[in-house]
Every structure is written in C-alpha cells, then in structure tokens.
Amino acid sequence: MEDTIVTSIGIIETFAGNGKSRSTGDGKIATKAGLPLPIGLAIDPAGQFLYFAESGSDRIRRVELATSIINHVAGIGETCYSGDGGAAAEAGLYLPLDVAFDSQGDLYICDSGSNRIRKIEMKTGVIDTIVGTGGFGFAGDGPALAVNLTYPSAIAFDSQDRLFIVDAQAHRIRMYDPRTKELTTIAGTWSHEDDVRDSPLIAKNLVVLSGDAIGIDFSDDHGWLHPPCDMDGMDMSVFYDDGKPGPDVRFHDPTGIAVDGNDDVYIADKGSNRIRKIDRNTGIVTTAAGVCFYGYDGDGKSATQAMLNAPEAVLFDPHGHMYISDAMNHRVRRVEAGTGTITTIAGNGESGYKDSGAMGGCGMAKFVKAVDKEMIKHGDGRVAVDAVVNSPAGLALDANGFLFICERGENKIRRLKLY
C-alpha cells in the first residue's frame, strides 16, 4: 500500500485521519481512523512504522507503512499521569506532544502536561519516566529525575544518543545524557522582566481547537490575530542576540527541535518567527531562517532574509536540506543545503476555510462553528504547492523520501513524495 497511495514526486495525499476529533479506528486503514490533534511524528529505526503523539486523546499511535494499518501504542485515553513500570498501553499520558527514537529503537515521549519525558522499552512494552519530577518552574540542573521541566514541547536525539528537550515554558533547551542520567541546560535564559514584556512579534490568546469544535477560530489567513508589528519604542535587543553563547540567549515560545548530521541543534522558535541554530562545538546561537517579523515575503532568497510566521517544527533530510513547518503561512518550506535558499514545497498559503458571516476581522476573535465554515478542497492528489496545508505542525521523513506532515487542526497526517 505504501507505494500505491502516492507515487509521483511532488504530489500530496492524506496518509492518516478522517478529519474527526474522536480517537477511533485501531486495526483499520489509517485514513478511516479518527486522529484528534496529531502533533509530533517519528519513524522507527527499522523504517516500518510512523509513530505519532495524538495530543487530543492523550495517546501514542502508530501506522504500519507497508499496510497503512493504525494501532494503539501507549496511553489509556485519559488525561493523567500513571503507569510507570507497567505496560505502556495501560499507562496514563498527559498531553503528549512529541515522540523520538534512540539508536536502540526505544521510544521516548514528551509528556508535556506531566512535565516529564517518558521512555518505552520496545522489547518489553514497559514505560518509565526518565526526566522530570512532575513539578514545574526552572530550578536548575542535576540528576534527571530530580529536575523540573515546564511543559516541554519537543525532543530529538543526536548521534551519541543524547536527548535534547525543548523546555518550552522555561524558555530553555536541555540535554539528557543517558550515560550519566544528568540533565543540563545548553541554551536559554528567562526572567520575570521577560514574562511581563509585551512582545509585538507573537499572536495573542492562541487557542488550538479540533476541526469540529466550537470556539475561537484562529485559522485566519491574515495572521491569527497578530497585533500591529510596531517597533517604535520597542527594545529589539532581546530578539537580536545572534552570536551569543547559548546560556545568554532568549527563546520566545520554542516549539520544535531537530539535530542535523553535524550534531548541531536547531530550534523552531515560534515566538520570534525564526529557526535558531546551536553550534554543538562552540555553543554559539545563530539564526538559520527568519527575520523576527512575521509574515510571508516570498521564496528564492536567503532563508535568513525571509519572513516566517509562527514556525512549529524543523527537520533535516539525509542531504542536509532543512524543512520547516511555517504554520501560520500554511506552508512547508525547504532551506537548501549549501546555498541557504528558501523555497515552498507544500501549501499555497491558504488555511482552507472561508469566512461565512462570522464575527471577526483583523484584531478580533471570530466565534464560529465548523458547520458555519465553508471548507475549500484541500487538494489531495495535486502538486503539493497548489494544495492547502492548514497550519502544519510535526514533520517526519522516511527512507523512501516521503515527508509526513501533521495537520493538527484538521486531525490528519498528510504525505508528500520528495524524492
């Protein structure tokens, strides 16, 4: 089935999810299953399964690539923390946001709501906590089980099996060494003054809703209720900190992480609309893509001169090309290795919805029902750059050149043939 769903380079299709917001369909074809708010993705080392964090059901699920059959891996579908030392399928998860594999094939879960990182030994199916006390608030480094995390959002391994953690609400990047079982901070600083500073670069009151929920809709093609980006009187030095050591750099709502072939660490810094790079040899932080200001100003230029809009995830392919979920531009972008040129590989910039008399406009909340929204055909089976890709989140790439894209708000995972 893997080779028959999508066969042509550049074509996008739905790989999993029927758009419904209930977790259903275990044992069935993945496109018939309900996937509430899928967000983080990973391919297992053997290349057999796509694993994903289903944040809307507090479960981890997987799809067999050869058959497209979906099944449950971890979580009981209740928002809780429980089950360490027992079977992962019977354990409680609390808002899982990401998954990653180490070189031994064991699965790690960014269990954000419990402020923990958990590990499933895949040979036994047993789950345990490896990082975090369950408490929140940055309180320094030390033994991993004695250190706080604060709503971690993403995880990634380097070539030495060191686990890097986006400690999102602590605004720091942490590293877990499995040999010493110590957790250290490699980048990020934050203070009370940073908390109270009103940033002109981020949207206000962001809420993520499933596709059939009733509430505030932020799927607006004009920028998710961003305030005017007026720099007059703003101290932009808190954003322009390239060239500093990691511990002196501020991250503004970091959401995604990736490690390249040189073991350099890249962060999707959603709040500053940039991808940041941490050089593992020097610890110096630089910008790899984005210019702080949000928006879309075209492709074919250096990534460091191009605007992004709330990037959520970052990924590298074996050739060193970088892929970015440019969420509120409704595009997936690629930064060419060697040249640093940015292009769009998926998404036409539209969210896929039209307004239909709902309240709203720039700077106002729009209260809508799904039944009151007119959905534009997303474009399955079309060239990816002509299709709608609504607020892309997590990314994963398999050995056959298929890029998997989480459309969290659509409760789907899409698939694009890159090469």
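In case you missed it, the structure is sitting above this.
The structure reproduced in this document is the subject of the present report. Within any chain, residue numbers begin from 1 and follow the written order of that chain's sequence. Under the rules for a predicted model, residues below a pLDDT of 70 receive no local features and side-chain atom pairs below 80 are neither given nor counted, while totals for whole chains, interfaces and linings still include all residues. Neither water nor hydrogens contribute to the side-chain values; these are computed over all heavy atoms in the structure.

Regarding the pairing of strand 2 (residues 38–43)
If a strand is regular, its side chains alternate between the two faces of the sheet. Most of strand 2 sits out of view: six of its six residues are buried. The sheet contact formed by strand 2 and strand 3 (residues 49–54) spans five bridges and is antiparallel. Paired with Gly40 across the two strands is Ala53, which belongs to strand 3. Between strand 2 and strand 3, which pair antiparallel one after the other, the connecting turn spans five residues, and Gly47 there sits at a positive phi close to 75 degrees. Per-residue accessibility, obtained with a 1.4 Å probe over protein chains only, is compared with the maximum for each type, and a residue is labelled buried under 20%, exposed over 50%, and partly exposed between these values. In this text, helices come from DSSP runs of H or I with a minimum length of four residues, and strands from runs of E with a minimum of two, each type numbered from the N-terminal end. Pairs of strands are assigned from DSSP output, requiring at least two bridges between the strands.

Structural notes on the environment of Phe101
Turning to its location among the elements, Phe101 is positioned in strand 6 (residues 96–101). With relative accessibility at 13%, the residue Phe101 sits in the buried group. Distance from Phe101 to Pro45, taken between C-alpha atoms, is 7.2 Å for residues 56 residues apart in sequence. If sequence neighbours within four positions are ignored, Phe101 has contacts with Ala42, Ile43, Asp44, Pro45, Tyr51, Asp106, Leu107, Met122 and Phe157. By definition, residues are in contact when any of their heavy atoms lie within 4.5 Å.

Section: the nonpolar core
In this text, buried Ala, Val, Leu, Ile, Met, Phe, Trp, Tyr and Cys residues form a nonpolar core when linked through side-chain atoms within 4.5 Å. Among the nonpolar cores identified, the biggest contains 36 residues, and Leu50, Ile60, Phe404 and Ile413 are the most heavily contacted of them. Among the elements that take part in this core, strand 3 stands out by supplying five residues, more than any other. The contacts of Leu50, once residues within four sequence positions are left out, are Phe15, Leu41, Ala42, Ile43, Arg61, Arg62, Val63, Leu65, Ala396, Phe404 and Ile413. Within the second largest apolar cluster, 17 residues are counted, among which are Ala154, Ile173, Phe251 and Ile267.

Observations regarding the sheet that holds strand 9 (residues 126–131)
As summarised here, the arrangement of the four strands in space is 6-7-8-9, forming an open sheet in which the pairing is antiparallel. The outermost strands of the open sheet, each flanked by one partner alone, are strand 6 and strand 9. Looking at each pair of strands side by side, their axes are set apart by 25 degrees on average, direction ignored. Bridging between strand 6 and strand 7 (residues 107–111) involves five bridges; their strand directions are antiparallel. From the neighbouring strand, Asp98 faces strand 7, where its bridge partner is Cys110. Every axis in this analysis is a line fitted to C-alpha atoms, fitted for helices over the stretch in contact. Angles between the N-to-C directions lie between 0 and 180 degrees.

Details of the packing of aromatic side chains
Note on ring pairs: Phe, Tyr and Trp rings are taken, using the six-membered ring of Trp, and paired if centres are within 6.5 Å. Classes follow the plane angle, with under 30 degrees stacked, over 60 edge-to-face and the rest tilted. Per the counting criterion, the structure on display carries six aromatic pairs. With a centroid separation of 4.9 Å and an interplanar angle of 75 degrees, the aromatic rings of Tyr51 and Phe101 are classed as edge-to-face. Here Tyr51, found in strand 3, pairs with Phe101, found in strand 6; they are 50 residues apart in sequence, far enough to count as distant. Between Arg62 and the ring centre of Phe49, over which it is positioned, the NZ or CZ distance is 3.7 Å. Comment: the charge-over-ring label is applied if NZ (Lys) or CZ (Arg) is within 6 Å of the ring centre and within 35 degrees of the ring normal. Over the aromatic face of Phe138 sits the side chain of Arg172, whose NZ or CZ is 3.8 Å from the ring centroid.

Some details on the side chain of Ser391
Its place among the elements puts Ser391 in the loop between strand 28 (382–383) and strand 29 (395–397). When its relative accessible area of 11% is taken as the criterion, Ser391 is described as buried. Any pair of nitrogen or oxygen atoms within 3.5 Å is treated as a polar contact; in protein, a donor-acceptor pairing is required on top of that, and neighbouring residues in sequence qualify only through side-chain atoms on both sides. Side chain to side chain, Ser391 and Asn390 meet in a polar contact 3.2 Å long.

With respect to the side chain of Asn148
In this fold, Asn148 is placed in the loop between strand 10 (142–143) and strand 11 (154–157). Asn148 sits in the buried class, given a relative accessible area of 17%. Only 3.1 Å separates the side chain of Asn148 from the backbone oxygen of Gly137, close enough to count as a polar contact. With residues near it in sequence (within four places) discarded, Asn148 still touches Thr133, Gly135, Phe136, Gly137, Ala139, Asp167 and Arg174.

Let's talk about the sheet that holds strand 21 (residues 311–316)
The strands making up a sheet are joined through hydrogen bonds of the backbone, oriented either antiparallel or parallel. As summarised here, the arrangement of the five strands in space is 20-24-23-22-21, forming an open sheet in which the pairing is antiparallel. Either end of the sheet is taken by a strand with one partner, and the two such strands are strand 20 (301–302) and strand 21. The sheet contact formed by strand 23 (residues 331–335) and strand 24 (residues 341–346) spans four bridges and is antiparallel. In the sheet register, Val332 faces strand 24, and the bridge partner there is Ala346.

Topic: unusual backbone geometry
The bulk of non-glycine residues show a negative phi, and the bulk of peptide bonds are trans. At Tyr151, a position not held by glycine, the phi torsion is positive, near 50 degrees. Note that Tyr151 resides in the loop between strand 10 and strand 11. The phi dihedral of Lys181 is positive, around 60 degrees, even though this residue is not glycine.

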